[in-house]
Amino acid sequence: MSVSEAKRVLAVEAEGLRAVHDRLGQEFEAAIELILACPSRLVVTGIGKSGLVGQKIAATLNSTGTPAFFLHPVEAMHGDLGLVADTDTVLALSYSGETAELNQLLHSVQQRKVPIIAICGRPDSTLGQLARIMLNCAVPREACPLGLAPTASTTAMLALGDALAVVLLERKQFQEEDFRRNHPGGSLGARLKVAIREVMLTDTNVPQVDMNTSLAAAVSELNEKNLGAVFVVGAQSELAGIVTDGDIRRALSSGKSFDALSLGEIMTASPLAIASDLLAADALSLMQQHEITVLAVVDKDNRLLGIVHLHNLLGKGEFRFLV
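Residues numbered from 1 in each chain as written. Predicted model: local features only at pLDDT ≥ 70, side-chain atom pairs only at ≥ 80, totals over all residues. Heavy atoms only, no water.

Peer 1: Hey, could you go over the pairing of strand β8 (residues 239-244) for me, with residue numbers and the actual values?
Peer 2: Every regular strand shows the same layout, with side chains that alternate between the two sheet faces. Most of β8 is tucked away, with five of its six residues classed as buried. Taken together, the five bridges between strand β7 (residues 229-233) and β8 define a ladder with antiparallel strand orientation. When the bridges of β8 are listed, Phe231 appears paired with Ile242. Where β7 hands over to β8, the hairpin turn is made up of five residues, of which Ser237 adopts a positive phi near 65°. The sheet contact formed by β8 and strand β9 (residues 268-269) spans two bridges and is antiparallel. Residue Ile242 lies in a different strand from β9, and its bridge partner there is Thr268. (Buried < 20%, exposed > 50% of the residue type's maximum accessible area, 1.4 Å probe, protein only. Helix = DSSP H or I, 4+ residues; strand = E, 2+ residues; numbered from the N terminus. Pairing = 2+ DSSP bridges.)

Peer 1: Talk me through helix α7 (residues 152-171); I want residue IDs and the actual numbers.
Peer 2: Taking 1.5 Å as the rise per residue, α7 with 20 residues should run 28 Å; its terminal C-alpha atoms sit 28 Å apart, in good agreement. Within the sequence span of α7, burial applies to Ala152, Ser153, Thr154, Ala156, Met157, Leu160, Gly161, Leu164, Ala165 and Leu168. Taken from the residues just after α7, Gln173 is the one with a positive phi, measuring 55°. (Expected span 1.5 Å × (residues − 1).)

Peer 1: Explain the packing of helix α2 (residues 26-37) against α7 to me, and be specific about the residues and the numbers.
Peer 2: The contact between α2 and α7 brings their axes to 10 Å, and the two run at 55°. The angle between α2 and α7 places the two elements in the oblique class. Considering how the two elements wind past one another, α2 and α7 form a crossing that is right-handed. When α2 is examined against α7, the residues Phe28, Glu29, Ala31, Ile32, Glu33, Ile35 and Leu36 are found in contact with a partner set consisting of Leu160, Ala163, Leu164, Val167, Leu168 and Arg171. (Axes fitted to C-alpha atoms, helices over the stretch in contact; angles between N-to-C directions. Parallel < 35°, antiparallel > 145°, perpendicular 65-115°, else oblique. Left-handed = near helix turned anticlockwise from the far one by under 90°. Contact = heavy atoms within 4.5 Å.)

Peer 1: Can you lay out the sheet that holds strand β11 (residues 294-298) for me, pointing to particular residues and giving the numbers?
Peer 2: Spatial strand order, β10-β11-β12: three strands in an open sheet with mixed pairing. Two strands lie at the open edges of the sheet, namely β10 (273-275) and β12 (304-309), each paired on one side alone. This sheet shows a mean twist of 35° between the axes of neighbouring strands, independent of strand direction. Pairing between β10 and β11: three bridges, direction parallel. The partner of Ala275 across the bridge, within β11, is Val298.

Peer 1: Go over the sheet that holds strand β3 (residues 89-94) with me, naming the residues and quoting the values.
Peer 2: The strand order across the open sheet formed by five strands is β2-β1-β3-β4-β5, and the pairing between neighbours is parallel. The two strands at the open ends of the sheet, each matched to only one other strand, are β2 (68-71) and β5 (133-136). Averaged over all neighbouring strand pairs, the angle between strand axes comes to 20°, with direction disregarded. Here strand β1 (residues 42-46) runs beside β2; their pairing, made up of four bridges, is parallel. Each residue of the ladder has a partner; that of Thr45, found in β2, is Leu71. The sheet contacts of α2 involve β1, β3, β4 (116-120) and β5, and relative to β5 the element is tilted by about 130°.

Peer 1: Go over the packing of helix α3 (residues 49-63) against α7, please, and point to the residues and values.
Peer 2: Taken N-terminus to C-terminus, the directions of α3 and α7 make an angle of 15°; their axes are 9 Å apart at the nearest point. Classified by the interaxial angle, the pair formed by α3 and α7 is roughly parallel. The interaxial crossing formed by α3 with α7 has right-handed handedness. In contact with Lys49, Ser50, Val53, Lys56, Ile57, Thr60 and Leu61 of α3, α7 contributes Thr154, Met157, Leu158, Gly161, Asp162, Ala165 and Leu168. Tallied by class, residues from the contact of α3 with α7 come to seven nonpolar, four polar and three charged. (Nonpolar A, V, L, I, M, F, W, Y, C, P; charged D, E, K, R; others polar.)

Peer 1: So what about the pairing of β12? Which residues, and what values?
Peer 2: β12 sits mainly inside the fold: five of its six residues count as buried. Pairing analysis gives five bridges linking β11 to β12, with the strands arranged antiparallel. Opposite Val297, over in β12, you have Gly306 as the bridge partner. The loop that links β11 with its antiparallel partner β12 comprises five residues; one of these, Asn302, has a positive phi angle of about 65°.

Structure follows, in structure tokens:
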């Protein structure tokens, strides 16, 4: 019963996101252009659940290259309005568009000729009329069976905020180095800054065999190291190939007996590899791009130095980071 109800909730939330997705149009492009043209900051504001969503949106914008801060509508009307400069742009959140405290603030903002972007569920609401640009986050229904608790509607607001942040990131050509500058501390910053050589497995931990090794011995090495692959190296430890669990399964499914197969026959020659002086983030990006779980680490002469496994990057072991 609990699982079926949870699935119903998720289905309703997905339905709401689909509605927002299908409705999105030129008003979103206009919002992006207005924010890009803003010479100072994006002021995010809302109250209640919408305010909590607004705080997350402001945090995401800041970390992805768009200066923003959250302004509580009530505190703003008691002095914090002084934080808002004439060169700012306001992003206001209210599903009904009739939140009195928020609209009171926005009337004051409008008098300063500060442009307002709204994320709202009702275009004909007071907020909808105050805004220069309105992003419609209306959903068919809330996931709450009473239709009262903001659920699907706040999910839609949050998703639109994420969409703004990501599109702005791309338009500004915000790079990984910029992201690192905004995350100098904490586990995510550590993940992006650490060099591959600090997290790779080396020496006897690396599954490797030479070109003359029998397939049976290679499989034994693969099983012993339990990383899903074994590297094949040449006389000078240069990386020559790789054999994975999948390669062995595919070879056996061809109908040939195991004894009739050779290492050179089933290995993938010149496998993907990465230099040891690059970052863990570079390894992770390469592995995601090619949908692999292990990656060889080599020196400038293509000699095998170590192996990076996805678990080393995603936390199964001593090196751990959380996103």
